[in-house]
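What follows is the residue order along each chain.
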Amino acid sequence: MKLYELTISHAAALLGRQELTSQELTLAVLERIHAVEDRVGAFITLNDELAMAQAEIADKTLSEGKGTALTGIPLAIKDLICTQGVRTTCASRILENFIPPYDATVIKKLKATGAVLVGKVNMDEFAMGSSTENSAFKITHNPWDLSRIPGGSSGGSAAAVAADMCLGSLGSDTGGSIRQPASHCGVVGMKPTYGRVSRFGLVAFASSLDQIGPIAKDTRDCALLMNAISGYDPQDSTSVPEPVPDYTGFLNGDIKGLVAGIPREYHASKGLDPEVAQAVNRAIQTLQDLGVRCVDVSLPHTEYAVAAYYVIAPCEASSNLARYDGVKYGFRDKTAGTLMEMYRNTRSKGFGSEVQRRIILGTYSLSAGYYDAYYGKASQVRTLIMDDFTKAFQQCDILISPVAPTPAFAIGDNTDDPLTMYLSDVFTLSANLAGIPGMSVPCGFSTKGLPIGLQLMGPHFSEGNLLKTAYHFEQTTDFHKKKAIL
Ligand code: GLN
């Protein structure tokens, strides 16, 4: 096994026993990045020197026997999480040269563990998209088939983990942006409960939906990253003062007798690819063989979720993105003669077309006379969707469904068709509307060899149950062990 292929837990064991140094590991990962980046296109900013310096410090800590599970582990960070002194672009021209003066809370936490941050990874501009094709800088390719999208918006994170260009990554999920790329790239991704992880220093897209979470090679690594980033933060008023358990402690727990709800609206969904349905059905069978009891449940308002999300998210985005006006930071058009012209030119040149579409949609939906009809109605639908979950969780402990209706599609296939792109979020965005945790774990491959993910969702703060179920599933399957050949 090559060093860059190691999981976090395996590498941590070797580092802890001093059978490996972080400098050796980090060097191997950096060499891997340089060898495959031309084909994968995962990174926006690479920090070779900084990473090696962090590895040297980590080795010192380890040699004193003081390391933790992430000390010396090379990680990649989605480029909308602020890193002090390191460019944070959100894959947008408007922030192309933005260097944050502070670290996001999750970065502070990772640095405190001694993790090595190799670089910032690609995404859809401001996290708006499902394919990473909306990046202003580059296309990221799916390591399993370079002609296909890696998913999005955390496509750089998922591709980098799948291609062994880091041992783990952080992404963000507003409507599926961790789970869907994890599913398309054959890796594990978790969107935590809203409020579980601090959003301080996460560049805001839709503040009531955004959540940072891990993308990793397996469930144990996902749990280790959750341990490091979770917790209350006085700098994020929506973070919740709920104690953080050791998530690895759940993995070996019993799953016999666990009740899994199969939401019938998801499984009967019209756009569901038969190969995805088949892989998910087989996974359900595997879980039943492990002692999970499956029951039929209904989430009756599912058909309204996409419409509600695509009003609420653009409304919040239009408000959040108002700050990019060329005055304080980021790109400014210098050709303008008047202030109004400067605003207009800055925003027209600085934002890509999908971001502009969302700003226009959101501004319209929030405007006087339309607010009640759009934002107001969408918020009411959101409440109904939350109630659907509350009722479902009276009958079951977790929900099992597909992550995305199809495996990864070809680059360019849906770029002219925003509606098809939006519809591909049908299984993931309800969890954001309800604030509940969800994760994707590899559960099969299509006949073309493309990964397929299984989605597990649960009540607020039930991450432990999701990780436990995913871990048991991994123990009897080997989908997560398969590697893309590059
Ligand atoms: N694909 C969804 C969107 O475009 C979700 C994105 C996300 O979760 N950041 O809004």
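Above this note sits the structure.
Below: a short report on this structure. (Residues numbered from 1 in each chain as written. Predicted model: local features only at pLDDT ≥ 70, side-chain atom pairs only at ≥ 80, totals over all residues. Heavy atoms only, no water.)

### Overview of the overall build of the protein
Okay, step 1: Looking only at helices and strands, the protein features 16 helices and eleven strands.
Okay, step 2: Expected size for 486 residues packed as a compact globule is a radius of gyration near 23 Å; at 21 Å, the protein falls within 12% of this value.
Okay, step 3: Over its C-alpha atoms, taken along the principal directions, the protein stretches across nearly 65 × 55 × 45 Å.
Okay, step 4: The buried share of the protein, reckoned over its 486 residues, is 61%.
Okay, step 5: Contacts in the protein between residues far apart in sequence, at least 24 positions, make up 76% of those at least 6 positions apart.
Okay, step 6: Carbon and sulfur atoms make up 54% of the accessible area of the protein, which totals about 18,000 Å². (Helix = DSSP H or I, 4+ residues; strand = E, 2+ residues; numbered from the N terminus. Rg over C-alpha atoms; globule rule 2.2 N^0.38 Å. Buried < 20%, exposed > 50% of the residue type's maximum accessible area, 1.4 Å probe, protein only. Contact = heavy atoms within 4.5 Å. Areas by Shrake-Rupley, 256 points an atom, 1.4 Å probe, with all protein chains shown as cover.)

### Concerning the state of the cysteines
Okay, step 1: Across all of its chains, the model carries zero disulfides by this definition.
Okay, step 2: C185 carries a free sulfur, and the closest cysteine sulfur to it, the one in C166, is 11 Å from it.
Okay, step 3: Judged by relative accessible area, C185 falls into the buried class, the value being 1%.
Okay, step 4: Distance from the sulfur of C443, which forms no disulfide, to the nearest cysteine sulfur (C294) is 13 Å.
Okay, step 5: For C443, a relative accessible area of 3% corresponds to the buried category. (Disulfide = S-S within 2.5 Å.)

### Looking at the packing of aromatic side chains
Okay, step 1: Tallied over the entire structure, the rule returns 18 aromatic pairs.
Okay, step 2: Aromatic side chains Y309 and Y310 sit 4.7 Å apart centroid to centroid with 75° between the ring planes, which places their arrangement in the edge-to-face category. Each member of the pair, Y309 as well as Y310, carries the same accessibility label: buried.
Okay, step 3: One aromatic cluster in this structure is built from F98, F126, Y324, Y329 and F351. (Phe/Tyr/Trp six-rings, centres within 6.5 Å; stacked < 30°, edge-to-face > 60°.)

### Considerations on the site of the ligand
Okay, step 1: Close to the ligand lie 15 residues, the nearest being T174, G175, S177, Y309 and R358.
Okay, step 2: Taking S130, its side chain carries an N or O atom lying 2.8 Å from a nitrogen atom of the ligand.
Okay, step 3: In the complex, 99% of the free accessible area of the ligand, which totals 290 Å², lies under the protein chains.
Okay, step 4: Grouping the amino acids of the shell around the ligand by side-chain chemistry returns five nonpolar, seven polar and three charged. (Near = heavy atom within 4 Å. Polar contact = N/O pair within 3.5 Å; in protein donor to acceptor, adjacent residues only side chain to side chain. Nonpolar A, V, L, I, M, F, W, Y, C, P; charged D, E, K, R; others polar.)

### What about the pairing of strand β10 (residues 438-445)?
Okay, step 1: Judged by how many residues are buried, β10 sits mostly within the fold: seven of eight residues are covered.
Okay, step 2: The pairing of strand β5 (residues 188-191) with β10 spans three bridges and is antiparallel. Bridging from a neighbouring strand, M190 pairs with M439 of β10.
Okay, step 3: Pairing analysis gives seven bridges linking β10 to strand β11 (residues 451-457), with the strands arranged antiparallel. Across the sheet, residue V441 finds its bridge partner in β11, namely L454.
Okay, step 4: Between β10 and β11, which follow one another and run antiparallel, lie five residues, and G449 among them has a positive phi close to 85°. (Pairing = 2+ DSSP bridges.)

### Looking at the sheet that holds strand β7 (residues 259-263)
Okay, step 1: The strand order across the open sheet formed by eleven strands is β1-β3-β2-β4-β6-β5-β10-β11-β9-β7-β8, and the pairing between neighbours is mixed. Unpaired on one side and paired on the other, β1 (43-46) and β8 (293-297) mark the two borders of the sheet. Each strand of the sheet is rotated relative to its neighbour by a mean of 30°, with strand direction disregarded.
Okay, step 2: Summarising the sheet, strand β4 (residues 168-173) and strand β6 (residues 211-216) pair through six bridges and their orientation is antiparallel. Within β6, the position partnered with G171 by the bridge is G213.
Okay, step 3: Along the sheet, helix α3 (residues 48-63) makes contact with β1 and β3 (116-121), crossing β3 at roughly 155°.
Okay, step 4: Sitting on the sheet, helix α5 (residues 155-162) is in contact with β1, β2 (74-78), β3, β4 and β6, with an inclination near 155° to β4. (Axes fitted to C-alpha atoms, helices over the stretch in contact; angles between N-to-C directions.)

### Description of the environment of G67
Okay, step 1: When you line up the elements, G67 lands in the loop between α3 and β2.
Okay, step 2: When residues no more than four places from it in sequence are discounted, the contact partners of G67 are T61 and L62.

### Some details on unusual backbone geometry
Okay, step 1: Residue S153 follows G152 across a cis peptide bond; omega there is 10°.
Okay, step 2: Take S153: it is sitting in the loop between β3 and α5.
Okay, step 3: Even without being a glycine, A127 presents a positive backbone phi close to 70°.
Okay, step 4: Mapped onto the secondary structure, A127 falls in the loop between β3 and α5.

### With respect to the pattern of salt bridges
Okay, step 1: Throughout the structure, instances matching the rule amount to 17 salt bridges.
Okay, step 2: Of the charged contacts in the structure, one is a salt bridge between E37 and K138, with a shortest N-O distance of 2.5 Å. Of this pair, E37 sits in helix α2 (residues 22-40) while K138 sits in the loop between β3 and α5, placing them 101 residues apart in sequence.
Okay, step 3: Given the relative accessible area of 15%, E37 is considered buried.
Okay, step 4: For D79, the salt bridge goes to K120, with nearest N and O atoms at 3.1 Å. (Salt bridge = Lys/Arg side-chain N within 4 Å of Asp/Glu carboxyl O.)

### Some words on the side chain of S239
Okay, step 1: In this structure, S239 sits in the loop between α7 (219-229) and β7.
Okay, step 2: A relative accessible area of 4% places S239 in the buried class.
Okay, step 3: One polar contact links the side chain of S239 to the main-chain amide nitrogen of D233, over a distance of 2.9 Å.

### Comments concerning the nonpolar core
Okay, step 1: Membership of the largest hydrophobic core comes to 148 residues, with the highest contact counts inside it found for I81, L110, V118, F126 and F389.
Okay, step 2: Counting residues per element, this core draws most heavily on helix α10 (residues 305-320), at ten residues.
Okay, step 3: Here L110 is in contact with L70, L75, I77, A115, L117, L170, A228 and I229, once residues within four sequence places are set aside. (Core = buried A, V, L, I, M, F, W, Y, C linked by side-chain atoms within 4.5 Å.)

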